[in-house]
Structures are given as structure tokens and as C-alpha cells.
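Structural characterization, general
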Amino acid sequence: MERQKMKKRIAEKIAQERDALICFLQTVIRADTQVVGHGITGGNEANGQKIIAAKLREMGCDPDIFEPDDVRLAKYGQGNQGHNYQNRPNVVGVFKGTGGGRSLILNGHVDTMPYGERAAWQMDPLGAEIKDGKLYGVGAADMKAGLVANLLAVEILQKLGIALKGDLIFQSVVDEEGGGNGTLACVERGYRADAAVVSEPTDLRIFPAHMGFIFYAVTVRGKSLHSSAKWLGVNAIEKAMLLMQALHELEHRWLLTKKHPLLPGPTINVGEISGGTAGSTVPDQCQFKFCLHYLPTDSDRTGGGSLVEKEVLDALTAKCRGDEWLSGHPPEIVKYQEGSPFEIPSDHPLVQTAAAAYSQVFASPAKVEGMLAGCDARHFANLAGMPVIVFGPAEAAQAHSTNEYVRIEDYIQYIEVLCGLITDWCGVAE
């Protein structure tokens, strides 16, 4: 089929199916798929996965439905163990090509963060209401719009009778918000392709790189007594502040010395602190938690963060050596979650194929940037050894926000771009 004629047919079909495309997204948003306790306690993803699996069957695909196995995933050392996956299945659909083309994985997560206080929302977080061209609801941006677009782009091509040469693998995964074990379970199960697209909200920008991240909890011990004799005790909060100062100094050095063409400098954020019992008592314990984001160029040979971790631990150890109390009573430092960074060259064929598909729809060059946070793309790049991009509709700023929304036009246009990316990458059978 002549390329321009095929692109025109795709655009016309999407316009014809517009109401149905929006309606199905609303159905998925209305399904409560919130994670519970960041995935440790569990999650409600099954509510959405039933809808996804039913659509796959309607499309003639027998889905692979399976729950992640915490024990089997432990060997990957991704730092988010101990999660409950009962009734939290992944759903994968494989659409076999005719042969001779490149294969592609379309990946998205069905889970959302909890929507918080209902009173804070102007719209029902599970209502999927439309106002002023925006579709509201928890997960609308992060990332049900991208997930549903992945599936419906395949259906559009099916309805047009466009047969692909390469295999197409659709993945709807759980527990991304809990650290990414859903996609990790797909990798562990053996799913591979010549490339992957993770349809997180990027505002239709193409991300061939993202930061790595590590979370730590630091517990500092002191010596408690009445504050009237403070000098006889050891204030654990003040000692914790010394360690936080060491992290601030390390971050400052990083920002001066570490650069990347697509990403900002590395950061360290202290996001939680607890300690003490009363203003009249010298606290004997203080715990703070922090997250660091680091560059792909600072990853180790496996793609992990061991080199950055050494820098952090060395900075804290040095600060302890300079303090009489901390040198004899070092803090307890526990790493409780991590995710590696990834990057592929900006001129990689996958990036160029996505950029060309974008330009076909928008008649303007695509923006190629880096993702500030991390996502499941790292598993494809670092564990499965596959090229991957992060590319999807909706604004990243909408993720985890009150009154979350996706612009309907972005969602519809992304489906059209994705159809072009799929056909160009996988190839079309004559």
C-alpha cells in the first residue's frame, strides 16, 4: 500500500472512530486501579485489567494473564521487594506479524496513585468527565491515555486490514507506581522485541533517556534526657542535620561537575523527616528519607547506581568521621527502592522513526528531550538489552496531581502518530 495513501486512511479511520476511542478511555479511567501502600499492601489493578483483557479477546487475541512473582524478581535487585501481587495480574497480548519485519513492544501501566481527598477534586476522580476539551480523572494522564492509545492504535490498524510484518506485543502492567515490578515480570517471563515504546505522559515529546533514582532511609541515634540539661545528651535531630548538610554539599558538587545534553544535573531531595517526642526532651532518634536522581552517564556497567551509591555513602561516612558522636555511633542507612537510568542515542533508528511519525501528523519537527524522573523503560534497556523510548500523550506535570486530565486532542493525535510509528517500524505486508 502506498505510504501516503495509508496515512490518509489511518487519519480518516481515527476521525470516524473518535467517539468510540474517547468512550473506551473513559471506561478504563472509571475503573478504580489505585495501588495500595505503594504496591506493598496490594492494588486494585484487576478492575482495569478485566476491561483490557476483554478488549484483547474482542480483537481476536488470547491474552497472557499472570501475576508478578516476588521471589522470581528478587534476583534483579531493583529494590522494591515484598509487594503483594494477589489479584494484580499483568495482561499481555501478542499480535503475530507475517514475517520479515521488526517487532515492537507497546508498554503502559494500568495502576494509578491514590487520588487522595475527594473534596480536593473539582471533578469526580473516577468520573472520566469531559470539560473544555479535557478528560478528567485519576490516571487520565499517568498513564491510561497512553495505555489505551497503545491498544486502540492496534485495533485501528486491524479495522483497516493493515497487516504488519513484525510482531506487535501489547503490555498492560501493574505496580509501576510501586517501583516497576509489573514490567520487570514481563522481562522475566521472556518478552523481547526489536524495540519498545513506553507511553508515559511526555506531552508528545520523545524521550530516549531518563534519570536513575535511589531512595534511602537514614536513622540517627542520640542520647535522650530533659532539655534543661541538654549538654549532657545528644540531639539526634541535630546530628541528622549534619548528615543532610553533607548531602547538600554533595549535590552542589554534582551540579557543578556532572552534565548531560538531554537531562538536568543530579539532585538529592530530603522528603521526609521524623524524630523526637517533645520540645522539652532531647531526642534520641531521628529518621529522614531522601531520594537522589542521577544521570545515565553515572551508572555502572550493569546500568545500576552502585557508583553513585558509593559517592553518597562516602560523603555520609566522611561527615561521621568529623563528629565525635557519629564516629562512634554511625547512622543506619537502608536503601529501600531504586531504579536505574537509561539512554539510547538521539539518532537511533527508533528515535528517528518516532520523530518521522510525529512530523507526518503535525508537520513540524518532534522535540527530543530527556525524562526527569524514571519509569519502566529502564527494564527494557538495562535488563532486556532493547532500544526503548518514552513517548506518550498528556503532560508529565499532570501525573499524581489533583484534577488530573488529558487533552482529548492530544490523545487522539497520539493514536495517529502511534499508528504511523508502528507501521514504519514493523513494516506493512503487501
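Refer to the structure printed above.
Residues numbered from 1 in each chain as written. Predicted model: local features only at pLDDT ≥ 70, side-chain atom pairs only at ≥ 80, totals over all residues. Heavy atoms only, no water.

1. A short note on the packing of aromatic side chains
Following the criterion strictly, the structure yields 7 aromatic pairs and no others. Here the aromatic rings of phenylalanine 391 and tyrosine 414 are separated by 5.3 Å at their centres, their planes lie at 75°, and the arrangement is edge-to-face. Of the two residues, phenylalanine 391 sits in the loop between strand 16 (388-390) and strand 17 (405-407) while tyrosine 414 sits in helix 12 (residues 408-426), which places them 23 residues apart along the sequence. Of the aromatic side chains, those joined through ring pairs into one cluster are Phe213, Phe215 and Tyr336. Over the aromatic face of phenylalanine 24 sits the side chain of lysine 55, whose NZ or CZ is 5.0 Å from the ring centroid. The ring of phenylalanine 66 carries arginine 189 above its face, with NZ or CZ at 4.0 Å from the centroid. (Phe/Tyr/Trp six-rings, centres within 6.5 Å; stacked < 30°, edge-to-face > 60°. Helix = DSSP H or I, 4+ residues; strand = E, 2+ residues; numbered from the N terminus. Lys NZ or Arg CZ within 6 Å of the ring centre and 35° of its normal.)

2. A few points about the side chain of glutamine 49
By the secondary structure assignment, glutamine 49 is in helix 3 (residues 46-58). By relative accessible area, glutamine 49 is classed as buried at 2%. (Buried < 20%, exposed > 50% of the residue type's maximum accessible area, 1.4 Å probe, protein only.)

3. Structural notes on the sheet that holds strand 3 (residues 64-66)
Taken together, the 6 strands give an open sheet; going across it, the order is 3-4-8-5-9-16, and neighbouring strands pair in mixed fashion. Edge positions in the sheet fall to strand 3 and strand 16, since each of these pairs with one other strand and no more. Ignoring strand direction, the axes of neighbouring strands in this sheet form an average angle of 15°. One ladder, built from 5 bridges, connects strand 4 (residues 90-95) with strand 8 (residues 168-173); its direction is antiparallel. By the bridge assignment, glycine 93 is partnered in strand 8 with phenylalanine 170. Contacts from helix 12 reach strand 5 (104-109), strand 8 and strand 9 (196-198) within the one sheet, and its direction differs from that of strand 5 by about 150°. (Pairing = 2+ DSSP bridges. Axes fitted to C-alpha atoms, helices over the stretch in contact; angles between N-to-C directions. Contact = heavy atoms within 4.5 Å.)

4. Remarks on the packing of helix 1 (residues 3-16) against helix 12
One way to put it is that helix 1 packs onto helix 12 with a least axis distance of 10 Å and a crossing angle of 150°. As helix 1 runs across helix 12, the sense of the crossing is right-handed. Only Ile412, Ile415, Glu416, Cys419, Gly420, Thr423 and Asp424 of helix 12 make contact with helix 1, whose side of the interface consists of Arg3, Met6, Lys7, Ile10, Ala11 and Ile14. When the residues that make up the contact of helix 1 with helix 12 are grouped by side-chain class, the tally is 7 nonpolar, 2 polar and 4 charged. (Left-handed = near helix turned anticlockwise from the far one by under 90°. Nonpolar A, V, L, I, M, F, W, Y, C, P; charged D, E, K, R; others polar.)

5. Some points on helix 3
The end-to-end C-alpha separation of helix 3 is 18 Å, in line with the 18 Å expected for 13 residues at 1.5 Å each. Taken residue by residue, helix 3 has Ala46, Gly48, Gln49, Ile52, Ala53, Lys55 and Leu56 as its buried positions. Lining the buried residues of helix 3 we find helix 2 (18-30), strand 3, strand 4, helix 5 (140-159) and strand 8. Two residues or fewer past helix 3, glycine 60 is found with a positive phi of approximately 85°. (Expected span 1.5 Å × (residues − 1).)

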